[in-house]
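Examination of the molecular architecture
Here's the letter readout for the chains.
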Amino acid sequence: MRVRRGAFVAGEKVQFTDRKGKKITDQLVPGGSTQTEHGLILHDDVIGAVEGTVITTVHAKREAQVNQVYPEKDKNKPWKSSRAIGGWEYAAMRPRLADYVLSMPRGAQIMYPKDIAQVIQLGDIRSGLRVLESGAGSGAMSLNLLDAVGETGHLTTIELRSEFARVAEANATLYYGEKPAWWRLLTGDFDSVAASLPEHWFDRIMLDMLDPWNRLDQAYRVIAPGGVLVCYVTTTTQMSRLAEALRAAGCWTEPQIQETLERTWKAQGLAVRPDHQMIGHTGFLVISRAMASGFAALKKRERYSKDTVTDVDELTDEQREARLEELELRDISDHKLRKVLRDLDRQVHELGEISESEESGKYQNPKGAEQSAD
């Protein structure tokens, strides 16, 4: 795995950040330039420089800033093609993996870094492991899995659509400078491709797909006993259906379900507060582990007084009436009931005394001071 250090070279990606925090990521090309709102960054000024160098945009006519794809959008902005710009400073850095993922070309919606980090941590994905991934998308998760397992590990990715597979492969090649040798990218539906994979060979499985509950049989066949299954779904109905399917299969441990919310903060002098915007719900992570063949998963003992399975709309009229009566007759101890009644009687009595005092023109507060009624 190539680690880039030292001066920038042609062909690699560079992130330019201005004083307002606006970021632009581009690939360095000899004789090329990066167009910004404040002029052009000449790539020849960046190639050969080290990280942390400040690059100043060159002066250019605003005509270079007119939207080249949809020029009609700028037809009512004549100043764009008449005023000279330039002299804006940008700091040049190599993008972090999180920055690269958010800036890379996308063929499909990517997972956010906050969710990817949880997949790596909760899925216990680390150096040397063999990981199976379903759903490459644009390659955001694949890149992080490749980094986590390293050259001593192995990643196999199954992508249904060939065009998405090409996007993911290209993004990985640009990031590493070459296609990672420890990555096998296969195209096709999960069940058909997984059927050709060896049994109990993978240590971890990551499923990012529409219906992961329909892929549990093949997933169990190829995962090693004790292996970790991590599924990423976006809706509550998907999450619930997957959890019930894992329990019904009997060969997966009780699923752990969570989501992550991300909020950034501003800290400037005495102005310390959370930012007004945050990244809220993006998806659920459902994590489970594979039991050894022939052993059923241990289950938590259910409380029979609490039915969480039966749908009330599927009951007959008599059953529904009985269910409603059960809900109305919740058990409460006599001691607790007497305590509740005493407390309510006391509050009603105090309310009556206050009302009588107000009618007589005055009442005495708890400290004994008299107050006249309005």
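Up top is the structure.
Bear in mind that the values here come from a model prediction, so they are computed numbers and not experimental data.

What counts as what
- Residues numbered from 1 in each chain as written.
- Predicted model: local features only at pLDDT ≥ 70, side-chain atom pairs only at ≥ 80, totals over all residues.
- Heavy atoms only, no water.
- Buried < 20%, exposed > 50% of the residue type's maximum accessible area, 1.4 Å probe, protein only.
- Helix = DSSP H or I, 4+ residues; strand = E, 2+ residues; numbered from the N terminus.
- Contact = heavy atoms within 4.5 Å.
- Patch = residues over 30% accessible without salt bridge, like charges linked within 9 Å, V, L, I, M, F, W, Y side chains within 5 Å.
- Areas by Shrake-Rupley, 256 points an atom, 1.4 Å probe, with all protein chains shown as cover.
- Salt bridge = Lys/Arg side-chain N within 4 Å of Asp/Glu carboxyl O.
- Lys, Arg positive; Asp, Glu negative; His and termini not counted.
- Charge placed at Lys NZ, Arg CZ, Asp CG, Glu CD.
- Pairing = 2+ DSSP bridges.
- Axes fitted to C-alpha atoms, helices over the stretch in contact; angles between N-to-C directions.

Below, the discussion takes up helix H3 (residues 113-122). Listed as buried for H3 are Lys-114, Asp-115, Ile-116 and Val-119. As for H3, its buried residues are in contact with helix H4 (140-149), strand E12 (202-208), strand E13 (223-233), strand E15 (262-268), strand E16 (271-279) and strand E17 (284-289). Downstream of H3 by one or two residues, Asp-124 has phi in the positive range, about 55°.

A few words now on a negative patch on the surface. Among the surface-exposed residues, Glu-353, Glu-356, Glu-358 and Glu-359 lie close enough to one another that they form a single negatively charged patch. Mapped onto the elements, Glu-359 comes out in helix H10 (residues 334-360).

Once that is clear, we can look at the sheet that holds strand E14 (residues 256-258). Spatially, E11-E10-E9-E12-E13-E17-E14 is the arrangement adopted by the seven strands of the open sheet, whose pairing is mixed. Every other strand in the sheet has two partners, leaving strand E11 (183-187) and E14 as the edge strands with one partner each. Looking at each pair of strands side by side, their axes are set apart by 15° on average, direction ignored. Inspection of the sheet shows strand E9 (residues 130-134) paired to E12 by four bridges, in the parallel sense. Bridge pairing in E12 links Glu-133 to Met-206. H3 rests against E12, E13, E14 and E17 of the sheet, and its axis sits at about 10° to E17.

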